[in-house]
Amino acid sequence: MAADTSGAGSAGLAAAIRDRFPVFDRVTYVNSCSQGALSDSVRRSYEEYLTGMEQEGSQWGHWVARQERLREAMAQLFSTSPSEIAITASASAGINAVASSLDFDSVRNKVVTTSLEFPTVGQIWHAQEKHGAQVVHVRADDDHTIPLSRFEDEIDETTAIVSITHVCFRNGAMLDPTPIIELAHSRGAMVLLDAYQSVGAVPLDMSSLQADFVTGGMLKYLLASPGVGFLYARDFSTKALVPTSTGWFAARDIFAMSIDSYDPALDARRFEAGTPPVPSLYAGAAGVELMLEIGVERTRAHVGVLVDQLRAGIDDLGGTVVTPLDHQGPMVAIAATDENAFVAALEGEKVITSCRDGNVRVSLHCYNNNDDVERVLAALRKHRHLLR
C-alpha cells in the first residue's frame, strides 16, 4: 500500500510515514548518511526471503525476479529504462567494472577526479595507474566548493573520464554536476557521478542529467540495507565499453553456462558480476519502492525546511556549519573539537549521528520532523563545549 503523504507542509510528510520506522520510538535518528532508518516494509522483505528458504530452499526464480524488480524500481526513480541499470554488490563493484572497460594505453589516459571523493573512488582510479592511467585531483577551496575553472584547467583531449561526487561524505558539500558534465562532453570525456550521498534525497533525472555513469547504493537515503548497489550506464555514450571485471550474471544469457567464450550482455547488465547478494535484493526493492511512494521531490523540499531550522539553531549556539550554504544536500556537517567524543555525547542523549574529518554529521530525511531538529539542538547545547 502506498504511503499516505497527503499531509500539508513539512510536518505532514513525516507525520504520514514516521510510524513505519520503529527506531524513532527509541532514539532521535539523524544518521541517514550512514544508514537509512529501518522501515516495516524492509523488515518484511527479509522475513519473506527467510520464509521462502524455510519452505522451498532454493528459490532461484524468485531471486532473479527480485533483482529485476529492483532494477525496474531504480529505472523509475531515475526516469530511465531498466536496460540502463546494473545491479551491483556495491558502488565499488560498479566503479571497478567501469574502470576495467577503459583503455588507458590510448591517448585518453587521464582520470580527473576531486579532493571531495569517498576513498573507494580515489583508490580505484589510482589502482588503474598500473595500466597507464594518469590521475589528477581537482582541489576544493577551503569552503569545500570547486570553481568550474579548475575543471576547465584539467579536462582536455587526454581525459578519458571525469569522476565526481554529488555530495561529499565528509562535509555535505553538494556539487552541481551539470556544468561539469557539459564541459567534459564538449572535450570528449565521459563522466561518472558518485551519488551515494544524494540518491533518494535529491531528485536525479537521467534524461536531463546526461551523466555517462551514476553509481551508489541503497542503504542510505533509499532506505534499504548494505549489500546492494547500482550503476547507471547511459546507453548512448557507453554501449561500446565492455568490462573485463565480470561474472556470470553479466552474460547475455546467464543460464547458457558457457565457459568457452565471453559473451557479455548488450545492456547495462554487462557491468554486473557474479551471483547477486540475494537477501539485499529483497531489502533493496522494498526500500526503493517505499522511497518512490514517499517521493524524492517532496522529501527534498521537506528536508530543506529542516536544514534551515538546524542551521539557524547552530548559528544561535555559536557553532560552525562547514557545509556551504548554497551547495548543500541533506547532510549538515558541524565543526567539532573532538568529533568522536561529540558523537558519543550525543548518543548519550539518544541522538544518533556520525562523524568524519573533524565534523559531526547530522543527516535528515523524509521521516525526520521539527521536533527531531529541536532535540538535536538541545543535545548540541548541552555539549556546546565540543563545538568548534
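What counts, and where the lines are drawn
- Residues numbered from 1 in each chain as written.
- Predicted model: local features only at pLDDT ≥ 70, side-chain atom pairs only at ≥ 80, totals over all residues.
- Heavy atoms only, no water.
- Pairing = 2+ DSSP bridges.
- Helix = DSSP H or I, 4+ residues; strand = E, 2+ residues; numbered from the N terminus.
- Axes fitted to C-alpha atoms, helices over the stretch in contact; angles between N-to-C directions.
- Contact = heavy atoms within 4.5 Å.
- Parallel < 35°, antiparallel > 145°, perpendicular 65-115°, else oblique.
- Left-handed = near helix turned anticlockwise from the far one by under 90°.
- Nonpolar A, V, L, I, M, F, W, Y, C, P; charged D, E, K, R; others polar.
- Salt bridge = Lys/Arg side-chain N within 4 Å of Asp/Glu carboxyl O.
- Buried < 20%, exposed > 50% of the residue type's maximum accessible area, 1.4 Å probe, protein only.
- Phe/Tyr/Trp six-rings, centres within 6.5 Å; stacked < 30°, edge-to-face > 60°.
- Lys NZ or Arg CZ within 6 Å of the ring centre and 35° of its normal.
- Core = buried A, V, L, I, M, F, W, Y, C linked by side-chain atoms within 4.5 Å.

Participant: Help me understand the sheet that holds strand E5 (residues 159–165) in this model?
Facilitator: Backbone-to-backbone hydrogen bonds join strands into a sheet, with any given pair of strands oriented parallel or antiparallel. Pairing within the open sheet is mixed, and its 7 strands lie in the order E2-E8-E7-E6-E5-E3-E4. The open sheet is flanked by strand E2 (85–88) and strand E4 (134–138), the only strands paired with a single partner. If you compare each strand with its neighbour and ignore which way they point, the axes differ by 20 degrees on average. Bridge count between E2 and strand E8 (residues 229–233): 4 bridges; the pairing is antiparallel. Looking at E8, one finds that Thr88 is bridged to Gly229. Docked against the sheet, helix H3 (residues 60–78) engages E2 and E8, running at close to 130 degrees with respect to E2. Contacting E2, E5, strand E6 (190–194), strand E7 (213–217) and E8, helix H4 (residues 91–100) runs over the sheet at an angle of about 155 degrees to E7.

Participant: Looking at this structure, how should I read the environment of Ala93?
Facilitator: In this fold, Ala93 is placed in helix H4. With 152 residues separating them in the primary sequence, Ala93 and Ser245 have C-alpha atoms 8.8 Å apart.

Participant: Before we go on, may I ask you to explain the packing of H3 against helix H10 (residues 278–294) in this structure?
Facilitator: Two numbers describe a pair of packed helices, the interaxial angle and the distance between the axes. Here H3 crosses H10 at 30 degrees, and the two axes come no closer than 9 Å. On the basis of the axis angle, H3 is roughly parallel to H10. Of the two elements, H3 crosses H10, and the hand of that crossing is left-handed. In contact with His62, Trp63, Arg66, Gln67, Arg69, Leu70, Ala73, Met74, Gln76 and Leu77 of H3, H10 contributes Val278, Leu281, Tyr282, Gly284, Ala285, Val288, Glu289 and Leu292. Among the residues making up the contact of H3 with H10, the classes are represented as 11 nonpolar, 4 polar and 3 charged.

Participant: So what exactly am I meant to see when it comes to the pattern of salt bridges here?
Facilitator: Side-chain pairs of opposite charge can arise whenever the charged atoms involved come near each other. What the rule picks out here adds up to 17 salt bridges. Arg44 serves as the salt-bridge partner of Asp40, at 3.9 Å between the closest nitrogen and oxygen. Of this pair, Asp40 and Arg44 both sit in helix H2 (residues 40–56), 4 residues apart, which is roughly one turn of that helix.

Participant: Which parts of the structure should I look at to understand unusual backbone geometry?
Facilitator: In this structure, Ser79 takes a positive phi of about 55 degrees despite not being glycine. The residue Ser79 is located in the loop between H3 and E2 in this model. A relative accessible area of 46% places Ser79 in the partly exposed class. Not every positive phi belongs to a glycine, and Lys350 is a case in point at roughly 65 degrees. Its location among the elements puts Lys350 in the loop between helix H12 (339–348) and strand E10 (351–352).

Participant: Help me understand the environment of Val228 in this model?
Facilitator: Relative to the helices and strands, Val228 is located in the loop between E7 and E8. The exposure class of Val228 is buried, given its relative accessible area of 2%. Val228 sits 52 residues away from Ser280 along the chain, and the two C-alpha atoms are 5.8 Å apart. Every residue in contact with Val228, bar those within four places of it in the chain, is listed here: Leu70, Ile87, Thr88, Ala89, Gly217, Met218, Pro277, Ser280, Leu281 and Gly284.

Participant: Whenever I open this one, the packing of aromatic side chains confuses me. Can you help?
Facilitator: Within a pair of aromatic rings, the relevant descriptors are the distance that separates the centres and the angle that separates the planes. Counted according to the given criterion, the structure contains 11 aromatic pairs. Among the aromatic side chains, those forming a connected cluster through ring pairs are Tyr49, Trp60, Trp63, Trp248, Phe249 and Tyr282. Over the aromatic face of Phe24 sits the side chain of Arg18, whose NZ or CZ is 4.1 Å from the ring centroid. The positively charged end of Arg66 is found above the aromatic ring belonging to Tyr282, 4.2 Å away from the centroid.

Participant: Hey, could you run me through the nonpolar core in this one?
Facilitator: When a protein is soluble and globular, its nonpolar side chains tend to lie buried together. Counting 55 residues, the largest nonpolar core has Met74 and Phe151 as the members making the most contacts within it. Ignoring sequence-local partners within four residues, the contact set of Met74 consists of Ile85, Met218, Leu222, Phe230 and Val288. Residues Val307, Val343, Ala345 and Leu387 belong to the second largest nonpolar core, which totals 27 residues.

Participant: What should I look at first to understand the sheet that holds strand E12 (residues 359–363) in this one?
Facilitator: Read from one edge to the other, the open sheet built from 3 strands follows the order E9-E12-E11, with strand pairing classed as antiparallel. In this open sheet, the two strands that pair with only one neighbour each are strand E9 (331–335) and strand E11 (354–356). Across the sheet, the mean angle from the axis of one strand to that of its neighbour is 35 degrees, orientation sign disregarded. In terms of strand pairing, E9 meets E12 through 5 bridges, oriented antiparallel. Bridge pairing in E12 places Ala333 opposite Arg361. Sheet contacts for H12: E11 and E12; angle to E12, the most-contacted strand, approximately 40 degrees.

Participant: What exactly am I supposed to notice about the packing of helix H11 (residues 296–317) against helix H13 (residues 370–382) here?
Facilitator: Remark: H11 packs on H13, axes separated minimally by 10 Å, with the N-to-C direction vectors making an angle of 20 degrees. The orientation of H11 relative to H13 falls into the category roughly parallel. Once H11 is placed against H13, the crossing between them reads as right-handed. On H13, the residues that touch Leu306, Gln309, Leu310, Gly313, Ile314 and Leu317 of H11 are Asn370, Val373, Glu374, Val376, Leu377, Leu380 and Arg381. A breakdown of the residues in the contact of H11 with H13 according to their chemical character gives 8 nonpolar, 3 polar and 2 charged.

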